[in-house]
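# Geometric and topological summary
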Amino acid sequence: MNKRILRSALAVLLVFLAGCTTTGPGSGDPDLRRRNIDAGVDNALSELFRQVGGSQELVEQARGVLVFPAVLRAGFIFGAARGQGALRVGGETQSYHATTSGSFGWQAGAQSTAVFLLFMTDQALSRFQNSRGWTVGADASVTLLSVGANAQVSTATAQQPVVGFVLVNSGLMAGISLDGTRITQLNL
C-alpha cells in the first residue's frame, strides 16, 4: 500500500478519534450528560417506531433495549465509530454505555447512525449487565433485522436472543456489521 495513502488514512482516523473525546457543553456535569443521553434515546426510539412498522411491539417484548442515538462512523481506508447511549429495562434507564469499533478496508466518508440492541431473553440481558465490557460477536451474536418492502419487522429473525437495528436518516441501514463493536459502561 502506498505509504502516503496510509499516512493520510491514519491522520484522518486520529483527527476523528480526537474529536470523539470531546462531548460538548456540560461534559463535566454527569447529570447533564445523563439528561442529554436520555433525550437522545427518546428521540431515537420515536424515530425507529415512526419508520419501522412492528418495531415498537418488538421493543416492548424485549427484556431490555440498549440505544445509541448517534454513533458517528468515519473512515478512509481505516475507520472508527463511537457513540454513547443508555440501557433501558421496563422503559426506565438502568445504565449508560459507550460504543466503539474500528474497521479496515475500502471506505471513505462519515455517517451518523442510531444503533438499537434488543435483549429478547433474560439470559441475554443478564450476560450483558454482568459483563465488564461486551463485544458483539465474541460475547453474543446480534441478528440485525431488516425490513421488507412494506417496512415491517420480520418475525422470523426477531426470535433470536439479541437482535439489532441500525437506523440512518433514510431508514434501516443495509450491509453493515456490528461484529467487533465494543460496549463499555460509563460511570455517570
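Per chain, residues are indexed from 1 in the order of the written sequence. Thresholds applied to this predicted model are a pLDDT of at least 70 for local features of residues and 80 or more for the giving and counting of side-chain atom pairs; totals over whole chains, interfaces and linings are not thresholded and use all residues. To obtain the side-chain values, all non-hydrogen atoms of the structure were included, while hydrogens and water were left out.

## Focus: the pattern of salt bridges
Quick reminder of the rule: We define a salt bridge as a contact between a side-chain nitrogen of Lys or Arg and a carboxyl oxygen of Asp or Glu at a distance within 4 Å. For helices the rule is a DSSP run of H or I covering at least 4 residues; for strands it is a run of E covering at least 2, with both sets numbered from the N terminus onward. Relative accessibility under 20% of the residue-type maximum defines a buried residue, over 50% an exposed one, and the middle range a partly exposed one, all with a 1.4 Å probe and only protein chains included.
Summed over all chains, the structure comprises 6 salt bridges. Measuring nitrogen to oxygen at the nearest pair gives 2.3 Å for the salt bridge that ties Asp-31 to Arg-35. Of this pair, Asp-31 and Arg-35 both sit in helix α2 (residues 30-51), 4 residues apart, which is roughly one turn of that helix. Since its relative accessible area comes to 34%, Asp-31 is described here as partly exposed. Note on Arg-35: relative accessible area 47%, which makes it partly exposed. Taking the shortest distance from any N to any O, the salt bridge between Arg-88 and Asp-42 comes out at 2.7 Å. Taken together, the positions of Arg-88 in strand β1 (residues 64-89) and Asp-42 in helix α2 put the pair 46 residues apart, joining distant regions of the chain. Residue Arg-88 is classed as buried on the basis of its relative accessible area of 11%. Salt bridges here are not isolated pairs; linked through shared partners, they connect Asp-31, Arg-34 and Arg-35.

## A few points about helix α4 (residues 122-129)
Quick note on the threshold: The directions considered for the arc are those from the helix axis to the C-beta atoms.
Considered for burial, the residues of α4 that qualify are Ala-124, Leu-125 and Phe-128. Seen end-on, α4 carries its buried residues on one side only, within an arc spanning 95°. Pointing more than 90 degrees away from the buried face of α4 are the exposed residues Asp-122, Gln-123 and Arg-127.

## Digging into the nonpolar core
In globular proteins that are soluble, nonpolar side chains generally tend to be buried together. Stated precisely, the cut-off is as follows: Nonpolar cores are built from buried Ala, Val, Leu, Ile, Met, Phe, Trp, Tyr and Cys residues. Side-chain atoms within 4.5 Å join them into one set.
One finds Leu-48, Val-67, Phe-116, Leu-118 and Phe-165 to be the most contacted residues of the largest nonpolar core, which totals 22 residues. At the level of secondary structure, the elements contributing two or more residues to this core comprise α2, α3 (55-61), β1, β2 (92-119) and β5 (162-168).

## A look at the confidence of the model for the protein
This is how it is decided: A residue's pLDDT is simply how confident the predictor is in it, with values from 0 to 100. Any two residues whose heavy atoms approach within 4.5 Å at even a single point are treated as in contact.
Per-residue confidence for the protein gives a mean pLDDT of 77; residues scoring 70 or more make up 65%. Across the protein, the secondary-structure element scoring lowest on mean pLDDT is helix α1 (residues 3-20), at 47, and the one scoring highest is α2, at 95. Below pLDDT 50 for its whole length, residues 5-26 participates in 24 contacts with residues either more than four positions away or in separate chains.

## Digging into the side chain of Asp-38
Along the chain, Asp-38 turns up in helix α2. If sequence neighbours within four positions are ignored, Asp-38 has contacts with Ala-86, Arg-88, Thr-93 and Tyr-96.

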